[in-house]
Amino acid sequence: KTGILGYDAYWQRTPDGGPAFTSSPIAKLFLLGTIKFATRDSYGMGIEYEGGKPGWNDAMNGLPGMVGSGMPETYELHQLFSYVKKVVDTYKRPVIVPEELSALIAVVQKALDDLEASAYKEPKELPYDVPAELFTYWDTVATAREDYRAKVKYYFSGEVTTYSASDLVGMVDRWLAQIELGMERAIKIGSHGDGDDGKSGIPPSYFSYNITSFELNGLKNDVGLPLVNPKAMKVGRFPLFLEGPTRFLKTVTEDKSEIATMYDKVKASGLRDEELKMYFLSASLKGQSYDMGRMMAFTPGWLENQSIWMHMSYKYYLELIRGKFYNQFFAEMRGGGMLPYMDPVRYGRSLMECSSFLASSAFPDPSFHGRGFSARLSGSTAEFLSIWKLIFIGPKPFFLDKDGKLAFNLKPALPLFFFKDDDENAAEPTYDTDGHVTVSFKLFAHIPVTYHNSKEKDLFDIAPESYKVTMADGSVKNIKGGVISSKLADTIRRIYGVKSIDAYF
């Protein structure tokens, strides 16, 4: 309808065939976050699935029709706004957004003012019926969101609004407080399923909303059915899904106590497959409505119905090592939760090959328990590469030192059994000329790096005592301490001037 053909049609333009509307990356992220913030459900907990599809777990494809929402997206929104705040607060630059977005923001801010002025107080026990004050806020903001979408369906006007860094940070702080309040509500509302009383303290993944009061608005949909305006809602709950606590852990990476508590809760919950020592994608779905999606058509233990979904399990393990819970992470790995430490006979395929899912202990036929199905080289592999980086390299190999110059360091997360393992099936350890056990890998798939473990202990988040960097021309540079600075760090980053690196612990 714009009259523009080809790739140019993908760009949002100004009216009458004007140029594509442009903005900075941080403004784009802020716009995305604002739309997501304005799409929170009526209890202010999850992000509504009002686009016709659920989130990562596409087998919950009935959820959008249940006025459903998801907490995983809320946790990601928390991360997004935290990043926006950090960047804007660091560089103190103004952020320029489309005028249409600023109109939406004005309504959101006024609605929050009205909510605060309403003297609404959070009760200790949350009712399932959405409080009137929260519903009014939701109705106001949802209407403004749809007005925004109607305005920008084809064009931006081209007019802009500028927010100072301090104003935007203050706004994001206010929104983050609301998001965190919604996260707390989600824990209180909880989950509900077979053997689940909702008191586990584990973040639920999904909610639905039943429209308990409505009025006809005189409009009809594409097939002639009448449309209504909701006037009141009641929240519905689902069983636990592993995605909830997995995404939640991303918001508490620096809180060791919270990570430890959540790990113990998940391990003791219906998400744990005790037979396989792994984690179900979901707890038991017994008694759930078929309205929630196609997963209800599967036998328990198969596909998305309480199976072991390798991709999501690896996401969970990644958050453990990212949170520096090394002992727990490697216990899960070595206990059979990750390749290549699974039983090859039970797994039924190469230990070098990921699967979409493993039939869990919930599957009726015990001979299938732990067997991998549907070879997959995408999701699990991507998570494993992130895990591999943290194990062998560390979270931040390159950084700027106190003088603002490039620096390089290695802080691996290597257990002693990677160097020397008493298991009869383990490979023989390798030693350097001084008799110290070693482990090697390739940095950037090009530079051989060898760790020398003279103390024969776990190397968890500690820097080497020294480095030996052998250059491509045969010269050697010896570095004392755990950090390689400036020029040599830059050479390592460029890869081709370095032959090998030895790190001594």
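Bear in mind that the values here come from a model prediction, so they are computed numbers and not experimental data.

The rules behind the values
Residues numbered from 1 in each chain as written. Predicted model: local features only at pLDDT ≥ 70, side-chain atom pairs only at ≥ 80, totals over all residues. Heavy atoms only, no water. Pairing = 2+ DSSP bridges. Helix = DSSP H or I, 4+ residues; strand = E, 2+ residues; numbered from the N terminus. Expected span 1.5 Å × (residues − 1). Buried < 20%, exposed > 50% of the residue type's maximum accessible area, 1.4 Å probe, protein only. 1 Å grid on protein atoms, 1.4 Å probe; cavity = no way out; pocket = protein on both sides within 12 Å on 5 of 7 lines; lining within 4 Å. Points joined across faces, edges and corners; volume = space filled by probe spheres on them. Nonpolar A, V, L, I, M, F, W, Y, C, P; charged D, E, K, R; others polar. Contact = heavy atoms within 4.5 Å. Axes fitted to C-alpha atoms, helices over the stretch in contact; angles between N-to-C directions. Parallel < 35°, antiparallel > 145°, perpendicular 65-115°, else oblique. Left-handed = near helix turned anticlockwise from the far one by under 90°.

I tried to follow the sheet that holds strand β13 (residues 406-408) on my own but got confused; where do I start?
Taking strand neighbours across the sheet as the criterion, the 3 strands line up as β12-β13-β21 in an open arrangement whose pairing is antiparallel. Edge positions in the open sheet fall to β12 (398-400) and β21 (484-485), since each of these has one partner strand only. In the sheet, β13 pairs with β21 via 2 bridges, with the strands oriented antiparallel. In the strand pairing of β21, A407 is matched with S485.

In this structure, what is going on with helix α2 (residues 71-91)? I would like to understand it.
The periodicity of an α-helix, 3.6 residues per turn, causes residues three or four positions apart to be oriented the same way. Here α2 is 21 residues long and its end C-alpha atoms lie 31 Å apart, about the 30 Å a rise of 1.5 Å per residue gives. Buried within α2 are the following residues: M71, P72, E73, T74, Y75, L77, H78, L80, F81, V84, V87 and V88. Of the residues trailing α2, K92 is marked for its positive phi of about 55°.

It is not clear to me how empty space enclosed by the protein should be interpreted in this structure. Could you clarify?
Empty space among the atoms becomes apparent when a probe as large as a water molecule is rolled across them. For the coordinates displayed, the defined rule picks out 3 cavities of 30 Å³ or more. The computed volume of the largest cavity comes to approximately 60 Å³. Looking at the lining of the largest cavity, the elements with two or more residues in it are α4 (132-151) and α5 (165-189). When grouped by side-chain class, the residues that make up the lining of the largest cavity number 4 nonpolar, 3 polar and 3 charged. Computed from the structure, the second largest cavity encloses a volume of approximately 40 Å³.

What should I look at first to understand the environment of P230 in this one?
Its place among the elements puts P230 in strand β6 (residues 226-237). Spatially, the C-alpha atom of P230 lies 14 Å from that of P131, the residues being 99 residues apart in sequence.

Looking at this model, I keep getting lost on the side chain of T74. Mind explaining?
Turning to its location among the elements, T74 is positioned in helix α2. Given a relative accessible area of 1%, T74 falls into the buried group. Ignoring anything within four residues of it in the chain, the contact list for T74 reads M45, G46, I47, I179 and M183.

Please clarify how the packing of helix α1 (residues 25-37) against helix α3 (residues 99-117) should be interpreted in this entry.
For any two helices packed against each other, the geometry comes down to the angle between their axes and how far apart the axes lie. With their axes 11 Å apart at the nearest point, α1 and α3 run at an angle of 40° to one another. Comparing the axis directions of α1 and α3 gives the class oblique. Between α1 and α3 the crossing geometry is left-handed. Judged by residue contacts, F30, L31, T34, I35 and F37 of α1 engage L101, L104, I105 and V108 from α3. For the contact of α1 with α3, the residue count by class is 8 nonpolar, 1 polar and no charged.

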